[in-house]
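Structure assessment
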Amino acid sequence: MLSGLEKQPFDPNLLVGFDKADDAGVYRLRDDLALVQTLDFFTPIVDDPFDYGRIAALNSINDVWAMGGTPITAMAITCFPKKGVDFSILTEIMRGGLAVLTQNKVALVGGHSVDNEQIMFGYSVTGMIDPNQVATNAGARPGDVIILTKPIGTGVISTGIKFGKALPEVVAESIATMLTPGKYAAEAITKFHLKAATDVTGFALLGHAWEMACASCVTIEIDSARVPLIKGALELAVQGLLTSGDKTNREYVGAEVEVASTVDPNLVKLFYDPQTAGGLLLSISEEKAEVLLTELRQHYPDAEIIGRVVERGQKAIVVK
């Protein structure tokens with residue numbers, strides 16, 4: 001979306017901009033302090049407005065955590081119709097979002113609302129970080145392994161909810177996954193001095209892995225059998241309950257992804273499935289991976305090593 005804009009004059013304090021499609025922008029204020037800034041909002045993906053507000057808040061905050069930052073303030077972004085929908089629903093949405101902000105010590109400082117037929121909600125979030133501790137999608141190195149902290153499948157499950165095809169226990173697991181905060185992964189980024197991380201959201205597992213591979217000038221090999229899935233997601237993919245993102249995400253990565261013919265096509269659908277408040281992809285040296293994984297599983301029981309980083313080949317992503 002921003003690729004057609006003219007480049008701004010060089011600013012040495014802009015440590016992370018939009019040129020490599022990273023999770024958030026990072027701007028240095030002084031040698032030991034930088035701002036992390038991001039914005040995200042989306043349409044309802046669950047039936048309960050309180051849960052929708054909570055998920056929207058965590059989805060927005062996650063971009064700061066994905067850089068290894070600490071979120072400090074947020075501004076609400078609301079699209080809601082003046083007529084036809086009870087305003088008590090908006091109250092519940094905002095109450096859910098505020099509950100998550102309060103829980104994570106993020107101060108709500110204001111916001112903006114627009115009269116719109118389609119409900120949308122989210123936040124602009126500002127965080128802080130040590131400029132020397134920033135994790136970006138450009139830091140993966142050959143010899144690293146790739147860890148995914150949370151299972152995937154929220155997109156197809158949201159579609160299943162829309163058409164009444166998702167079982168209650170599947171919905172519950174998806175909501176629980178989305179409501180697991182990324183702050184513990186952010187703490188691990190700082191503790192293990194990780195330089196490569198990104199969260200898995202709208203561009204799906206393969207889209208965000210592709211961005212990391214391209215930004216780092218490497219190839220990421222993914223072991224399809226090791227990618228954790230939310231219970232029931234694969235069955236919904238088999239039924240064809242996909243979002244429009246399945247097509248757009250395939251177009252986004254283009255021919256830069258190679259999938260082995262032995263990989264189940266329905267599983268591949270989940271790899272292109274847009275995620276909401278998804279897990280983080282972390283790149284770490286192989287010798288430190290098991291220690292990190294053990295620590296992550298205290299909060300993310302499904303965290304798994306799903307692949308490895310190799311020298312740049314003909315493709316950015318290879319799925320086996």
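Residues numbered from 1 in each chain as written. Predicted model: local features only at pLDDT ≥ 70, side-chain atom pairs only at ≥ 80, totals over all residues. Heavy atoms only, no water.

**Here's the deal with the sheet that holds strand β4 (residues 70-80)**
If you walk across this open sheet you meet the six strands as β1-β2-β3-β6-β4-β5, and the pairing is mixed. Bordering the open sheet on either side are β1 (14-16) and β5 (107-115), each of which pairs with just one other strand. Averaged over all pairs of adjacent strands, the angle between strand axes in this sheet comes to 20°, irrespective of strand direction. Note that β4 and strand β6 (residues 120-129) share nine bridges and pair antiparallel. Its bridge partner lying in β6, T70 is registered against M128. Those strands touched by helix α1 (residues 49-66) are β3 (33-42), β4 and β6, and its axis lies near 30° from that of β6. (Pairing = 2+ DSSP bridges. Helix = DSSP H or I, 4+ residues; strand = E, 2+ residues; numbered from the N terminus. Axes fitted to C-alpha atoms, helices over the stretch in contact; angles between N-to-C directions. Contact = heavy atoms within 4.5 Å.)

**Concerning the side chain of T38**
Locating T38 in the fold gives a position in strand β3. The class for T38 is buried, based on a relative accessible area of 9%. In this structure, T38 is in contact with D23, A24, S60, D63, V64, Y123, S124 and V125, ignoring residues within four places of it in sequence. (Buried < 20%, exposed > 50% of the residue type's maximum accessible area, 1.4 Å probe, protein only.)

**Considerations on the packing of α1 against helix α2 (residues 87-103)**
Any two packed helices are characterised by how steeply their axes cross, that is the angle between the axes, and by the distance between the axes. Where α1 contacts α2, the axes come no closer than 7 Å and their chain directions differ by 45°. The angle between α1 and α2 falls in the class oblique. Where α1 crosses over α2, the two elements pack in a sense that is right-handed. Here P49, F50, Y52, G53, R54, A57, L58 and I61 of α1 lie close against α2, whose contacting residues are I89, E92, I93, R95, G96, G97, A99, V100 and L101. (Parallel < 35°, antiparallel > 145°, perpendicular 65-115°, else oblique. Left-handed = near helix turned anticlockwise from the far one by under 90°.)

**Quick word on the layout of surface pockets**
In this structure, the second largest pocket spans a volume of roughly 160 Å³. For the lining of the second largest pocket, the secondary-structure elements that each account for two or more residues are β7 (144-148), α10 (286-296) and β12 (304-311). No other element matches the five residues that β12 contributes to the lining of the second largest pocket. Grouping the constituent residues of the lining of the second largest pocket by class yields five nonpolar, two polar and six charged. (1 Å grid on protein atoms, 1.4 Å probe; cavity = no way out; pocket = protein on both sides within 12 Å on 5 of 7 lines; lining within 4 Å. Points joined across faces, edges and corners; volume = space filled by probe spheres on them. Nonpolar A, V, L, I, M, F, W, Y, C, P; charged D, E, K, R; others polar.)

**Structural notes on the sheet that holds strand β8 (residues 196-199)**
Reading across the sheet, the seven strands line up as β8-β11-β7-β12-β9-β13-β10 and stay open at both edges, with mixed pairing between neighbours. Pairing within the sheet leaves two strands with one partner each, and these edge strands are β8 and β10 (257-259). In this sheet, neighbouring strand axes are inclined to one another by 20° on average, regardless of whether the strands run parallel or antiparallel. Where strand β9 (residues 218-222) and β12 come together, five bridges link them in antiparallel fashion. Directly across from I222, in β12, lies its bridge partner G307.

**Describing the nonpolar core**
Ranked by size, the top nonpolar core spans 77 residues in total, and within it L205, I220, L281 and I317 carry the most contacts. With eight residues, α1 is the single largest residue contributor to this core. Not counting residues within four places of it along the chain, the set of residues in contact with L281 comprises I146, I147, L148, A196, A197, T198, V200, L205, H208, A209, M212 and I306. Judged by nonpolar contacts, the second largest core, of 20 residues, contains A188, I189, L280 and A303. (Core = buried A, V, L, I, M, F, W, Y, C linked by side-chain atoms within 4.5 Å.)

**Some details on helix α5 (residues 183-191)**
For α5, the full list of buried residues reads A185, A186, A188 and I189. Buried residues along α5 cover an arc of 160° about the axis, so they all sit on one side. Buried residues belonging to α5 abut α1, β8, β11 (280-285) and α10. Trailing α5 by a residue or two, H193 shows a phi angle of about 55°, which is positive. (Arc of directions from axis to C-beta.)

**Some details on the pattern of salt bridges**
All told, the structure shown has ten salt bridges when counted by the stated rule. The salt bridge partner of E295 is K191, with a shortest N-O separation of 2.9 Å. On the criterion of sequence distance, the pair formed by E295 in helix α10 and K191 in helix α5 is long-range, its members being 104 residues apart. (Salt bridge = Lys/Arg side-chain N within 4 Å of Asp/Glu carboxyl O.)

**Examining the packing of aromatic side chains**
Across all of its chains, the model carries seven aromatic pairs by this definition. Between the aromatic rings of Y52 and F121, the centroid separation amounts to 6.4 Å while the plane-to-plane angle is 65°, which identifies the pairing as edge-to-face. Residue Y52 is found in helix α1, and its partner F121 is found in strand β6; the two are separated by 69 residues along the sequence. Taken together, the aromatic side chains of F42, Y52, F121 and Y123 make up a single cluster linked through ring pairs. (Phe/Tyr/Trp six-rings, centres within 6.5 Å; stacked < 30°, edge-to-face > 60°.)

**Quick look at the state of the cysteines**
Under the definition given, this model contains zero disulfides. Note on C214: no disulfide assigned, nearest cysteine sulfur contributed by C217 at a separation of 8.3 Å. Under the relative-accessibility criterion, C214 is labelled partly exposed at 29%. (Disulfide = S-S within 2.5 Å.)

Shape descriptors only; they carry no functional weight alone.
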